[in-house]
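The chain contents come next:
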Amino acid sequence: MPERNVYADHNATTPLHPEVKKAIEGVLDVFGNPSSLHSYGRYARSLVEEARETVGRFINASPEEIMFVGSGSEGNNTILSILACPGRECSFNVCQGRDLITSTIEHPCVLETSKCLIEKGVNVLYIDVDEYGKVDVDQIRDMVSARTGLVSVMMANNEIGTVQDIEAIADVVHEKGALFHTDAVQAVGKIPVNVKDLDVDFLTLSGHKIYGPKGVGAIYVKKGSPFCPLIRGGHQERGRRAGTENTLGIVGLAKAIEMRALEMEQEEKRLLLFKEHLRKSIQTQIPDIRFVGHPTECLPGTLNVSFDGAEGEAIMLYLDLAGIAVSTGSACASGSLDPSHVILATGLPAECAHGSIRISLGRENTQEDIDYLLDVLPGVIGRIRDMSTFYAGGRK
Ligand SMILES: *Cc1c(COP(=O)(O)O)cnc(C)c1O
């Protein structure tokens, strides 16, 4: 039995906030179909519409601009699909036949969708990032042309935490008359997000990264924007996403957002202090390391660090034996031993990408958790390096 259990993989998913659990428990018996006109249906409908207002208010959107979806992945797939919309119902085919521009560090649900769009004949251009994982706004200005339909750049990266200057990017995209989407799944609820200030046309968020339930998310679709349904059928979500609404999930998502509105500012300050303490201690206690991601323009609780001569998978497994959960690369890419596309995009060689772990902190983490992690980590790295044929560090 490990001395302590520490969950430090909040960018993969989070536990339910106790208030979210209560809110979901409170509506477990609400089974009415929100589309039904009788009292059962009307009650379920009122919960869904109240949730829509809560979500909209948090990002400064009006309720009609919020659409519930089944996940962040579905939200991103839906928005990107406007570039190849096959349906007659797509009255605005302004985007059809036009280019997509996206970055090389997007989440797999954006990158895989972009590959699929290429197969459908869409021209896709990829923006590089610098050593900190930042995209260059001037490069975007050069890339966007009259042929561009949509530009999609994530607000905060899930693996390295780097936060982009979304307002400046949206600005240059709009100068050329194209539309702008941001995957804000890691940003909403961790850093301030205001769709009017950012001036985005589309934005994606998800419940389970912010102490809400899995399998529910939302997209912001600015009033008057083109749209293409991904799931066709009934008239739910104003005909934009068929399927009976996930009332329990939607109530849980709204409660998670309500709790973030109350707790985010203080909570994220606390996580930033923990991270800075981790960063300094790792730096002084362990030789031959490097931090990946932007030193300041970064999610408060995310720290990605690469250790020379130590495989990320080995570090993760040894830490797991000690009761500590961290991750290597993205949860979606683990299982494969390919180095992380995000870390490679920052220009680090493949060996370093292999040697990196992501520590992502959250609201249940305590100072004792951080101390325990710092007690265990140097020994784990030392042991792995002793066995490694690649590490010459101590013997140089
Ligand atoms: C987790 C994540 C997603 C996918 O969200 P799901 O709700 O798990 O489908 C998309 N983008 C980013 C940046 C993420 O971290």
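Residues numbered from 1 in each chain as written. Predicted model: local features only at pLDDT ≥ 70, side-chain atom pairs only at ≥ 80, totals over all residues. Heavy atoms only, no water.

Draft legend 1. Just the sheet that holds strand E4 (residues 124–127), in detail. In space, the seven strands of this open sheet follow the order E2-E8-E7-E6-E5-E3-E4, with mixed pairing throughout. Either end of the sheet is taken by a strand with one partner, and the two such strands are strand E2 (66–69) and E4. Neighbour-to-neighbour, the strand axes of the sheet open up by a mean angle of 20 degrees, direction not taken into account. Here strand E7 (residues 202–206) pairs with strand E8 (residues 217–221) via five bridges, running antiparallel. Following the sheet pairing, Leu203 is matched in E8 by Tyr220. (Pairing = 2+ DSSP bridges. Helix = DSSP H or I, 4+ residues; strand = E, 2+ residues; numbered from the N terminus. Axes fitted to C-alpha atoms, helices over the stretch in contact; angles between N-to-C directions.)

Draft legend 2. Spotlight on the pattern of salt bridges. The final tally for this structure, using the stated rule, is 21 salt bridges. Residue Arg290 is joined to Asp308 by a salt bridge in which the shortest nitrogen-to-oxygen separation is 3.1 Å. Of this pair, Arg290 sits in strand E9 (residues 289–292) while Asp308 sits in the loop between strand E10 (302–307) and helix H10 (312–321), placing them 18 residues apart in sequence. With relative accessibility at 32%, the residue Arg290 sits in the partly exposed group. (Salt bridge = Lys/Arg side-chain N within 4 Å of Asp/Glu carboxyl O. Buried < 20%, exposed > 50% of the residue type's maximum accessible area, 1.4 Å probe, protein only.)

Draft legend 3. Structural detail: the nonpolar core. The biggest cluster of nonpolar side chains holds 55 residues, and the ones touching the most others in it are Ile59, Ile140, Ile169, Val173, Phe180, Leu203 and Leu205. Counting residues per element, this core draws most heavily on helix H6 (residues 166–175), at five residues. Shared between two domains, this core holds at least three residues of each, these being domain 1 (6–14 + 263–387) and domain 2 (18–258). Discounting residues that sit within four places of it in the chain, Ile140 has contacts with Ile127, Val135, Val153, Ile169, Val172 and Val173. With 29 residues, the next largest nonpolar core counts Leu278, Ile286, Ala322 and Leu361 among its residues. (Core = buried A, V, L, I, M, F, W, Y, C linked by side-chain atoms within 4.5 Å. Domains from an automatic or database assignment. Contact = heavy atoms within 4.5 Å.)

Draft legend 4. Quick look at the confidence of the model for the chain. Mean pLDDT over the chain works out to 94, with 94% of the residues at or above the 70 mark. Between residues 330–334, whose pLDDT stays under 50, and residues either more than four places distant or in other chains, the model counts seven contacts. (pLDDT = per-residue confidence, 0-100.)

Draft legend 5. Focus on the state of the cysteines. Considering all chains together, one arrives at one disulfide under this definition. Disulfide pairing places Cys85 opposite Cys228 at an S-S distance of 2.1 Å. Judged by the sign of its S-S torsion, about 85 degrees, the bond between Cys85 and Cys228 is right-handed. On the criterion of sequence distance, the pair formed by Cys85 in the loop between helix H3 (72–80) and strand E3 (99–103) and Cys228 in the loop between E8 and helix H8 (236–239) is long-range, its members being 143 residues apart. Cys85 sits in the buried class, given a relative accessible area of 4%. (Disulfide = S-S within 2.5 Å.)

Draft legend 6. Layout of the domain arrangement of the chain. Partitioning the chain into structural domains gives domain 1 (6–14 + 263–387) and domain 2 (18–258). The centre of domain 1, based on its C-alpha atoms, is set 28 Å off from the matching centre of domain 2. At the boundary of domain 1 with domain 2, total buried surface from both sides reaches about 2,600 Å², with 58% on carbon and sulfur atoms. A per-residue breakdown of the area domain 1 buries against domain 2 is headed by Thr14, Met264 and Leu299, which together make up 23% of the total. Across the contact surface, domain 1 and domain 2 share one salt bridge. Seen at the junction of domain 1 and domain 2, the total is 17 residue pairs in polar contact (both at pLDDT 80 or more). At four residues, helix H11 (residues 341–345) tops the list of elements feeding residues into the side of domain 1 that touches domain 2. When grouped by side-chain class, the residues that make up the side of domain 1 that touches domain 2 number eleven nonpolar, 14 polar and five charged. (Buried area = accessible area lost by both parts, 1.4 Å probe. Polar contact = N/O pair within 3.5 Å; in protein donor to acceptor, adjacent residues only side chain to side chain. Nonpolar A, V, L, I, M, F, W, Y, C, P; charged D, E, K, R; others polar.)

Draft legend 7. Spotlight on the sheet that holds strand E12 (residues 356–360). The strand order across the open sheet built from three strands is E9-E10-E12, with neighbouring strands paired in antiparallel fashion. A strand with exactly one partner marks an edge of an open sheet, and here the two such strands are E9 and E12. Along the sheet, successive strands turn relative to each other by an average axial angle of 25 degrees, direction set aside. Pairing of E10 with E12, which is carried by five bridges, proceeds in the antiparallel orientation. Counted as the bridge partner of Leu303 is Ile359 from E12. Against the sheet, helix H13 (residues 367–387) contacts E9, E10 and E12, and its axis sits at roughly 25 degrees relative to E10.

Draft legend 8. Fine view of the environment of Leu47. As for its placement among the helices and strands, Leu47 is situated in helix H2 (residues 39–58). In this structure, Leu47 is in contact with Val27, Val30, Thr247 and Val251, ignoring residues within four places of it in sequence.

Draft legend 9. Fine view of the site of the ligand. The ligand sits among 14 residues. The nearest are Ser73, Asp183, Gln186, Ser206 and Lys209. At 2.7 Å from an oxygen atom of the ligand is found a side-chain nitrogen or oxygen belonging to Ser206. Residue Lys209 places a side-chain N or O atom 2.8 Å away from an oxygen atom belonging to the ligand. In isolation the ligand exposes 380 Å². Once the protein is present, 90% of that is buried. With three residues, H3 is the single largest residue contributor to the shell around the ligand. A class-by-class count of the residues in the shell around the ligand yields three nonpolar, nine polar and two charged. (Near = heavy atom within 4 Å. Areas by Shrake-Rupley, 256 points an atom, 1.4 Å probe, with all protein chains shown as cover.)

Draft legend 10. The arrangement of the pairing of E7 in detail. Most of E7 is tucked away: five of the five residues are buried. Side-chain alternation along E7 places Phe202, Thr204 and Ser206 on one buried face and Leu203 and Leu205 on a second face that is also buried. Bridge analysis of strand E6 (residues 179–183) against E7 gives three bridges, and the strand direction is parallel. Bridge pairing in E7 links Asp183 to Thr204.

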